[in-house]
There are 2 protein chains.
Amino acid sequence: MAEDVKNEEVEKETEAADTVTDDSVQETAEETPEKSELQLANERAEDFENKYLRAHAEMQNVQRRANEERQNLQRYRSQDLAKAILPSLDNLERALAVEGLTDDVKKGLEMVQESLLQALKEEGVEEVEVQQFDHNFHMAVQTLPADDEHPADTVAEVLQKGYKLHERLLRPAMVIVYN
Amino acid sequence: MAEDVKNEEVEKETEAADTVTDDSVQETAEETPEKSELQLANERAEDFENKYLRAHAEMQNVQRRANEERQNLQRYRSQDLAKAILPSLDNLERALAVEGLTDDVKKGLEMVQESLLQALKEEGVEEVEVQQFDHNFHMAVQTLPADDEHPADTVAEVLQKGYKLHERLLRPAMVIVYN
(Lines give C-alpha, C1' and ligand atoms only; values in the text may rest on other atoms or scores of the structure.)
Protein backbone atom coordinates (compact mmCIF):
# COMPACT_ATOMS: atom_id res chain seq x y z
CA MET A 1 0.00 0.00 0.00
CA ALA A 2 2.78 2.39 1.02
CA GLU A 3 4.50 1.55 -2.23
CA ASP A 4 1.37 2.28 -4.22
CA VAL A 5 1.05 5.66 -2.65
CA LYS A 6 4.69 6.34 -3.42
CA ASN A 7 4.20 5.39 -7.04
CA GLU A 8 1.17 7.59 -7.37
CA GLU A 9 3.20 10.44 -6.03
CA VAL A 10 5.92 9.74 -8.54
CA GLU A 11 3.34 9.77 -11.30
CA LYS A 12 1.95 13.07 -10.14
CA GLU A 13 5.44 14.47 -10.09
CA THR A 14 6.18 13.21 -13.55
CA GLU A 15 2.90 14.61 -14.82
CA ALA A 16 3.83 17.92 -13.33
CA ALA A 17 7.29 17.63 -14.84
CA ASP A 18 5.68 16.84 -18.18
CA THR A 19 3.67 20.03 -18.13
CA VAL A 20 6.69 22.09 -17.19
CA THR A 21 8.79 20.54 -19.93
CA ASP A 22 6.13 21.12 -22.58
CA ASP A 23 5.75 24.70 -21.51
CA SER A 24 9.45 25.33 -21.61
CA VAL A 25 9.73 23.82 -25.08
CA GLN A 26 6.97 26.11 -26.32
CA GLU A 27 8.52 29.12 -24.67
CA THR A 28 11.84 28.25 -26.19
CA ALA A 29 10.37 28.03 -29.64
CA GLU A 30 8.23 31.14 -29.41
CA GLU A 31 9.98 33.60 -27.17
CA THR A 32 13.71 33.04 -27.39
CA PRO A 33 14.58 32.62 -31.08
CA GLU A 34 18.14 33.65 -30.27
CA LYS A 35 18.83 30.18 -28.79
CA SER A 36 21.29 28.30 -30.95
CA GLU A 37 20.29 25.25 -32.98
CA LEU A 38 22.65 23.26 -30.80
CA GLN A 39 20.94 24.40 -27.62
CA LEU A 40 17.57 23.47 -29.10
CA ALA A 41 18.81 20.08 -30.21
CA ASN A 42 20.27 19.43 -26.76
CA GLU A 43 17.03 20.46 -25.12
CA ARG A 44 15.10 18.22 -27.47
CA ALA A 45 17.42 15.33 -26.65
CA GLU A 46 17.05 15.94 -22.93
CA ASP A 47 13.29 16.27 -23.26
CA PHE A 48 12.97 12.92 -25.03
CA GLU A 49 15.42 11.29 -22.67
CA ASN A 50 13.21 12.34 -19.75
CA LYS A 51 10.09 11.21 -21.54
CA TYR A 52 11.73 7.90 -22.30
CA LEU A 53 12.82 7.40 -18.69
CA ARG A 54 9.35 8.25 -17.43
CA ALA A 55 7.67 5.94 -19.94
CA HIS A 56 10.06 3.19 -18.90
CA ALA A 57 9.33 3.72 -15.19
CA GLU A 58 5.61 3.86 -15.89
CA MET A 59 5.78 0.60 -17.78
CA GLN A 60 7.44 -1.07 -14.81
CA ASN A 61 4.64 0.27 -12.61
CA VAL A 62 2.02 -1.04 -14.99
CA GLN A 63 3.69 -4.46 -15.04
CA ARG A 64 4.04 -4.58 -11.28
CA ARG A 65 0.39 -3.66 -10.79
CA ALA A 66 -0.75 -6.18 -13.37
CA ASN A 67 1.22 -8.85 -11.48
CA GLU A 68 -0.29 -7.89 -8.16
CA GLU A 69 -3.75 -7.86 -9.65
CA ARG A 70 -3.20 -11.25 -11.24
CA GLN A 71 -2.04 -12.72 -7.93
CA ASN A 72 -5.08 -11.27 -6.23
CA LEU A 73 -7.45 -12.59 -8.87
CA GLN A 74 -5.86 -16.01 -8.52
CA ARG A 75 -6.06 -15.97 -4.75
CA TYR A 76 -9.74 -15.05 -4.61
CA ARG A 77 -10.86 -16.51 -7.90
CA SER A 78 -13.19 -19.03 -6.23
CA GLN A 79 -14.91 -16.49 -4.03
CA ASP A 80 -18.24 -16.27 -5.90
CA LEU A 81 -18.63 -19.95 -6.65
CA ALA A 82 -17.58 -20.91 -3.10
CA LYS A 83 -20.12 -18.50 -1.64
CA ALA A 84 -22.83 -19.91 -3.89
CA ILE A 85 -22.01 -23.45 -2.74
CA LEU A 86 -22.43 -22.75 0.97
CA PRO A 87 -26.25 -23.20 0.97
CA SER A 88 -25.73 -26.68 -0.49
CA LEU A 89 -23.52 -27.49 2.49
CA ASP A 90 -26.25 -26.21 4.83
CA ASN A 91 -28.83 -28.36 3.07
CA LEU A 92 -26.56 -31.40 3.31
CA GLU A 93 -26.14 -30.87 7.04
CA ARG A 94 -29.89 -30.58 7.44
CA ALA A 95 -30.46 -33.71 5.38
CA LEU A 96 -27.91 -35.60 7.49
CA ALA A 97 -29.72 -34.52 10.67
CA VAL A 98 -32.98 -36.17 9.55
CA GLU A 99 -33.92 -39.15 11.75
CA GLY A 100 -34.06 -42.67 10.38
CA LEU A 101 -31.79 -42.36 7.33
CA THR A 102 -30.75 -45.71 5.87
CA ASP A 103 -27.02 -46.42 5.98
CA ASP A 104 -26.84 -46.18 2.18
CA VAL A 105 -28.35 -42.73 2.08
CA LYS A 106 -26.31 -41.52 5.01
CA LYS A 107 -23.12 -42.76 3.42
CA GLY A 108 -24.06 -41.13 0.12
CA LEU A 109 -24.78 -37.79 1.79
CA GLU A 110 -21.53 -37.93 3.73
CA MET A 111 -19.59 -38.62 0.55
CA VAL A 112 -21.13 -35.59 -1.13
CA GLN A 113 -20.41 -33.47 1.93
CA GLU A 114 -16.81 -34.63 2.20
CA SER A 115 -16.07 -34.14 -1.47
CA LEU A 116 -17.57 -30.63 -1.39
CA LEU A 117 -15.59 -29.67 1.70
CA GLN A 118 -12.45 -31.11 0.14
CA ALA A 119 -12.99 -29.17 -3.10
CA LEU A 120 -13.50 -25.96 -1.12
CA LYS A 121 -10.48 -26.62 1.09
CA GLU A 122 -8.25 -27.03 -1.93
CA GLU A 123 -9.26 -23.54 -3.02
CA GLY A 124 -8.50 -22.11 0.43
CA VAL A 125 -12.00 -22.15 1.94
CA GLU A 126 -12.34 -23.16 5.60
CA GLU A 127 -14.84 -22.99 8.40
CA VAL A 128 -14.72 -19.98 10.66
CA GLU A 129 -13.57 -20.91 14.19
CA VAL A 130 -16.04 -20.19 16.98
CA GLN A 131 -14.27 -20.60 20.33
CA GLN A 132 -14.48 -16.97 21.32
CA PHE A 133 -16.92 -14.42 19.94
CA ASP A 134 -15.25 -12.27 17.25
CA HIS A 135 -17.40 -9.66 15.54
CA ASN A 136 -15.15 -9.87 12.48
CA PHE A 137 -16.19 -13.46 11.83
CA HIS A 138 -19.39 -14.02 13.80
CA MET A 139 -22.85 -12.58 13.84
CA ALA A 140 -24.66 -12.78 17.20
CA VAL A 141 -28.29 -13.53 16.37
CA GLN A 142 -29.23 -14.21 19.99
CA THR A 143 -27.69 -13.66 23.43
CA LEU A 144 -27.83 -15.56 26.71
CA PRO A 145 -27.01 -14.04 30.11
CA ALA A 146 -23.39 -14.70 31.04
CA ASP A 147 -22.66 -16.36 34.40
CA ASP A 148 -19.71 -17.83 36.29
CA GLU A 149 -19.61 -20.91 34.09
CA HIS A 150 -20.23 -19.00 30.85
CA PRO A 151 -18.23 -15.76 30.76
CA ALA A 152 -19.27 -12.98 28.41
CA ASP A 153 -18.26 -13.41 24.73
CA THR A 154 -18.30 -17.20 24.93
CA VAL A 155 -20.14 -18.74 22.00
CA ALA A 156 -23.04 -20.84 23.29
CA GLU A 157 -24.20 -22.34 20.01
CA VAL A 158 -23.53 -22.12 16.28
CA LEU A 159 -26.78 -21.84 14.31
CA GLN A 160 -25.10 -21.66 10.92
CA LYS A 161 -21.44 -22.25 10.12
CA GLY A 162 -19.35 -19.40 8.78
CA TYR A 163 -16.70 -19.74 6.07
CA LYS A 164 -13.69 -17.77 4.92
CA LEU A 165 -11.54 -17.85 1.80
CA HIS A 166 -7.96 -17.45 2.97
CA GLU A 167 -8.28 -14.48 5.34
CA ARG A 168 -11.36 -13.07 3.56
CA LEU A 169 -14.78 -13.73 5.11
CA LEU A 170 -17.29 -15.45 2.81
CA ARG A 171 -20.07 -15.36 5.37
CA PRO A 172 -20.07 -14.96 9.15
CA ALA A 173 -21.02 -17.77 11.54
CA MET A 174 -24.47 -17.19 13.05
CA VAL A 175 -24.05 -17.73 16.78
CA ILE A 176 -25.77 -17.48 20.14
CA VAL A 177 -23.40 -15.74 22.51
CA TYR A 178 -23.21 -15.22 26.30
CA ASN A 179 -23.39 -11.57 27.17
CA MET B 1 -3.88 -14.16 -31.74
CA ALA B 2 -2.97 -12.61 -35.13
CA GLU B 3 -2.59 -9.31 -33.31
CA ASP B 4 -0.23 -10.91 -30.80
CA VAL B 5 2.00 -12.21 -33.54
CA LYS B 6 2.01 -8.76 -35.11
CA ASN B 7 3.05 -7.19 -31.87
CA GLU B 8 5.84 -9.64 -31.34
CA GLU B 9 7.10 -8.82 -34.80
CA VAL B 10 7.02 -5.15 -33.99
CA GLU B 11 9.03 -5.85 -30.85
CA LYS B 12 11.60 -7.82 -32.77
CA GLU B 13 11.89 -5.02 -35.28
CA THR B 14 12.31 -2.45 -32.56
CA GLU B 15 14.95 -4.58 -30.88
CA ALA B 16 16.79 -4.79 -34.16
CA ALA B 17 16.40 -1.05 -34.59
CA ASP B 18 17.78 -0.59 -31.10
CA THR B 19 20.94 -2.48 -31.92
CA VAL B 20 21.46 -0.54 -35.12
CA THR B 21 21.00 2.77 -33.36
CA ASP B 22 23.42 1.87 -30.59
CA ASP B 23 26.03 0.77 -33.11
CA SER B 24 25.72 3.92 -35.15
CA VAL B 25 26.04 6.05 -32.04
CA GLN B 26 29.23 4.21 -31.08
CA GLU B 27 30.65 4.46 -34.58
CA THR B 28 29.84 8.12 -34.59
CA ALA B 29 31.65 8.67 -31.36
CA GLU B 30 34.70 6.57 -32.18
CA GLU B 31 35.26 6.76 -35.90
CA THR B 32 33.93 10.06 -37.16
CA PRO B 33 35.07 12.70 -34.72
CA GLU B 34 34.55 15.28 -37.44
CA LYS B 35 30.77 15.12 -36.91
CA SER B 36 29.59 18.37 -35.48
CA GLU B 37 28.24 18.74 -31.97
CA LEU B 38 24.91 19.71 -33.52
CA GLN B 39 24.76 16.50 -35.53
CA LEU B 40 25.50 14.51 -32.41
CA ALA B 41 22.86 16.34 -30.41
CA ASN B 42 20.32 15.80 -33.17
CA GLU B 43 21.17 12.12 -33.32
CA ARG B 44 20.87 11.86 -29.58
CA ALA B 45 17.48 13.58 -29.71
CA GLU B 46 16.32 11.25 -32.44
CA ASP B 47 17.63 8.24 -30.57
CA PHE B 48 15.72 9.11 -27.42
CA GLU B 49 12.62 10.03 -29.38
CA ASN B 50 12.65 6.56 -30.90
CA LYS B 51 13.30 4.95 -27.55
CA TYR B 52 10.46 6.97 -26.05
CA LEU B 53 8.05 6.02 -28.82
CA ARG B 54 8.97 2.38 -28.50
CA ALA B 55 8.62 2.42 -24.72
CA HIS B 56 5.24 4.08 -25.12
CA ALA B 57 4.08 1.47 -27.63
CA GLU B 58 5.42 -1.32 -25.46
CA MET B 59 3.52 0.04 -22.48
CA GLN B 60 0.31 -0.03 -24.46
CA ASN B 61 1.05 -3.63 -25.39
CA VAL B 62 1.71 -4.51 -21.77
CA GLN B 63 -1.56 -2.89 -20.71
CA ARG B 64 -3.54 -4.55 -23.47
CA ARG B 65 -2.09 -7.95 -22.58
CA ALA B 66 -2.75 -7.42 -18.88
CA ASN B 67 -6.38 -6.60 -19.74
CA GLU B 68 -6.76 -9.68 -21.90
CA GLU B 69 -5.21 -11.81 -19.22
CA ARG B 70 -7.47 -10.35 -16.55
CA GLN B 71 -10.55 -11.01 -18.68
CA ASN B 72 -9.38 -14.57 -19.24
CA LEU B 73 -8.70 -15.14 -15.55
CA GLN B 74 -12.17 -13.79 -14.74
CA ARG B 75 -13.84 -15.93 -17.37
CA TYR B 76 -12.24 -19.17 -16.23
CA ARG B 77 -11.66 -18.34 -12.58
CA SER B 78 -14.04 -21.08 -11.37
CA GLN B 79 -12.48 -23.81 -13.46
CA ASP B 80 -10.64 -25.68 -10.70
CA LEU B 81 -13.34 -25.46 -8.06
CA ALA B 82 -16.05 -26.35 -10.59
CA LYS B 83 -14.06 -29.39 -11.71
CA ALA B 84 -13.57 -30.47 -8.11
CA ILE B 85 -17.33 -30.21 -7.47
CA LEU B 86 -18.35 -32.53 -10.31
CA PRO B 87 -17.82 -35.76 -8.30
CA SER B 88 -20.24 -34.40 -5.69
CA LEU B 89 -22.85 -34.03 -8.42
CA ASP B 90 -22.20 -37.62 -9.50
CA ASN B 91 -22.61 -38.81 -5.92
CA LEU B 92 -25.85 -36.86 -5.58
CA GLU B 93 -27.22 -38.46 -8.73
CA ARG B 94 -26.28 -41.89 -7.43
CA ALA B 95 -27.87 -41.15 -4.06
CA LEU B 96 -31.06 -39.99 -5.79
CA ALA B 97 -31.18 -43.23 -7.80
CA VAL B 98 -31.31 -45.35 -4.64
CA GLU B 99 -34.66 -47.17 -4.24
CA GLY B 100 -37.00 -46.39 -1.39
CA LEU B 101 -35.88 -42.91 -0.39
CA THR B 102 -38.30 -41.11 1.90
CA ASP B 103 -39.84 -37.95 0.47
CA ASP B 104 -37.92 -35.83 2.99
CA VAL B 105 -34.55 -37.24 1.99
CA LYS B 106 -35.34 -37.07 -1.70
CA LYS B 107 -36.41 -33.46 -1.39
CA GLY B 108 -33.27 -32.62 0.58
CA LEU B 109 -31.02 -34.26 -2.01
CA GLU B 110 -32.79 -32.50 -4.84
CA MET B 111 -32.37 -29.15 -3.09
CA VAL B 112 -28.65 -29.74 -2.74
CA GLN B 113 -28.43 -30.81 -6.37
CA GLU B 114 -30.38 -27.82 -7.64
CA SER B 115 -28.43 -25.30 -5.60
CA LEU B 116 -25.12 -26.79 -6.77
CA LEU B 117 -26.21 -26.76 -10.41
CA GLN B 118 -27.46 -23.19 -10.01
CA ALA B 119 -24.18 -22.06 -8.44
CA LEU B 120 -22.24 -23.67 -11.29
CA LYS B 121 -24.55 -22.23 -13.93
CA GLU B 122 -24.01 -18.71 -12.61
CA GLU B 123 -20.29 -19.19 -13.16
CA GLY B 124 -20.85 -20.41 -16.72
CA VAL B 125 -20.78 -24.17 -16.16
CA GLU B 126 -23.26 -26.32 -18.10
CA GLU B 127 -23.79 -29.92 -19.04
CA VAL B 128 -22.30 -31.13 -22.28
CA GLU B 129 -24.97 -31.96 -24.88
CA VAL B 130 -25.06 -35.53 -26.08
CA GLN B 131 -27.38 -35.78 -29.12
CA GLN B 132 -24.66 -36.62 -31.61
CA PHE B 133 -21.26 -38.11 -30.78
CA ASP B 134 -18.59 -35.38 -30.77
CA HIS B 135 -15.05 -36.43 -29.88
CA ASN B 136 -14.38 -32.91 -28.62
CA PHE B 137 -16.89 -33.27 -25.82
CA HIS B 138 -17.53 -37.02 -25.44
CA MET B 139 -15.48 -40.04 -24.60
CA ALA B 140 -16.76 -43.32 -26.06
CA VAL B 141 -16.15 -45.95 -23.39
CA GLN B 142 -18.16 -48.62 -25.19
CA THR B 143 -19.64 -49.13 -28.66
CA LEU B 144 -22.72 -50.88 -29.98
CA PRO B 145 -23.15 -52.04 -33.59
CA ALA B 146 -25.00 -49.40 -35.62
CA ASP B 147 -28.12 -50.48 -37.51
CA ASP B 148 -30.98 -48.89 -39.51
CA GLU B 149 -32.64 -47.53 -36.39
CA HIS B 150 -29.38 -46.44 -34.74
CA PRO B 151 -27.04 -44.84 -37.26
CA ALA B 152 -23.32 -44.60 -36.52
CA ASP B 153 -22.27 -41.81 -34.14
CA THR B 154 -25.59 -41.77 -32.32
CA VAL B 155 -25.13 -41.75 -28.55
CA ALA B 156 -26.83 -44.80 -27.03
CA GLU B 157 -26.34 -44.00 -23.37
CA VAL B 158 -24.61 -41.48 -21.13
CA LEU B 159 -22.70 -43.23 -18.32
CA GLN B 160 -21.38 -40.03 -16.76
CA LYS B 161 -22.40 -36.48 -17.60
CA GLY B 162 -19.84 -34.12 -19.08
CA TYR B 163 -19.51 -30.44 -18.19
CA LYS B 164 -18.01 -27.36 -19.79
CA LEU B 165 -17.14 -23.90 -18.50
CA HIS B 166 -18.21 -21.49 -21.24
CA GLU B 167 -16.69 -23.15 -24.30
CA ARG B 168 -13.94 -24.90 -22.34
CA LEU B 169 -14.38 -28.58 -21.50
CA LEU B 170 -14.19 -29.44 -17.79
CA ARG B 171 -14.63 -33.15 -18.38
CA PRO B 172 -16.04 -35.13 -21.29
CA ALA B 173 -19.30 -37.06 -21.13
CA MET B 174 -18.66 -40.81 -20.89
CA VAL B 175 -20.94 -42.38 -23.49
CA ILE B 176 -21.87 -45.62 -25.23
CA VAL B 177 -22.01 -44.92 -28.95
CA TYR B 178 -23.34 -46.75 -32.01
CA ASN B 179 -20.57 -47.51 -34.42
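Residues numbered from 1 in each chain as written. Chains lettered and ligands numbered in written order. Predicted model: local features only at pLDDT ≥ 70, side-chain atom pairs only at ≥ 80, totals over all residues. Heavy atoms only, no water.

- The name given to chain A in an unreviewed UniProt entry is Protein GrpE, with the source organism recorded as Streptococcus pantholopis.
- The annotation that UniProt attaches to chain A under Sequence similarities (unreviewed entry) is "Belongs to the GrpE family."
- Of the comments in the UniProt record for chain A, the one headed Subunit (unreviewed entry) reads "Homodimer." (UniProt positions renumbered as here; feature names shortened; annotations may be inferred.)

### Details of the side chain of Glu123 of chain B
Move 1: Looking at the secondary structure, you find Glu123 of chain B in the loop between helix H4 (103–122) and strand E1 (125–127).
Move 2: Once you skip the residues sitting within four places of it in the chain, Glu123 of chain B turns out to touch Asp80 and Leu81 of chain A together with Arg77, Ser78, Leu165 and His166 of chain B. (Helix = DSSP H or I, 4+ residues; strand = E, 2+ residues; numbered from the N terminus. Contact = heavy atoms within 4.5 Å.)

### Here's the deal with the sheet that holds strand E4 (residues 163–165) of chain B
Residues and elements named next belong to chain B.
Move 1: With antiparallel pairing, the three strands of this open sheet are ordered in space as E1-E4-E5. Both outer strands of the open sheet, E1 and strand E5 (168–171), are each paired with one neighbouring strand and no more. Taking each pair of neighbouring strands and ignoring which way they run, the sheet shows an average axis angle of 35°.
Move 2: For E1 and E4, the ladder comprises three bridges, and the chain directions are antiparallel. Among the inter-strand pairings, Glu127 is bridged to a residue of E4, identified as Tyr163. (Pairing = 2+ DSSP bridges. Axes fitted to C-alpha atoms, helices over the stretch in contact; angles between N-to-C directions.)

### Examining the relation of the copies chain A and chain B
Move 1: The operation relating chain A to chain B is a screw motion whose rotation component is 180°, with 0.1 Å of axial translation and a residual RMSD of 0.2 Å. The transformation relating the two chain copies, once decomposed into turn and shift, fits a two-fold axis. The rotation axis passes nearest to the C-alpha of Ala45 of chain A in chain A, at a distance of 1.6 Å.
Move 2: Most of the interface of chain A is mirrored in chain B, where 100% of its interface residues again form contacts. (Least-squares fit on C-alpha atoms with pLDDT ≥ 70 in both.)

### Digging into empty space enclosed by the protein
Move 1: This model, assessed by the stated rule, comprises one cavity of 30 Å³ or more.
Move 2: When its volume is computed, the largest cavity comes out at roughly 70 Å³.
Move 3: Every residue along the wall of the largest cavity is listed here: Ala66, Glu69, Arg70 and Leu73 of chain A together with Ala66, Glu69, Arg70 and Leu73 of chain B.
Move 4: Listed by contribution, the elements that provide at least two residues to the lining of the largest cavity are helix H2 (37–75) of chain A together with helix H2 (37–75) of chain B.
Move 5: Looking at the lining of the largest cavity, its residues break down into four nonpolar, no polar and four charged. (1 Å grid on protein atoms, 1.4 Å probe; cavity = no way out; pocket = protein on both sides within 12 Å on 5 of 7 lines; lining within 4 Å. Points joined across faces, edges and corners; volume = space filled by probe spheres on them. Nonpolar A, V, L, I, M, F, W, Y, C, P; charged D, E, K, R; others polar.)

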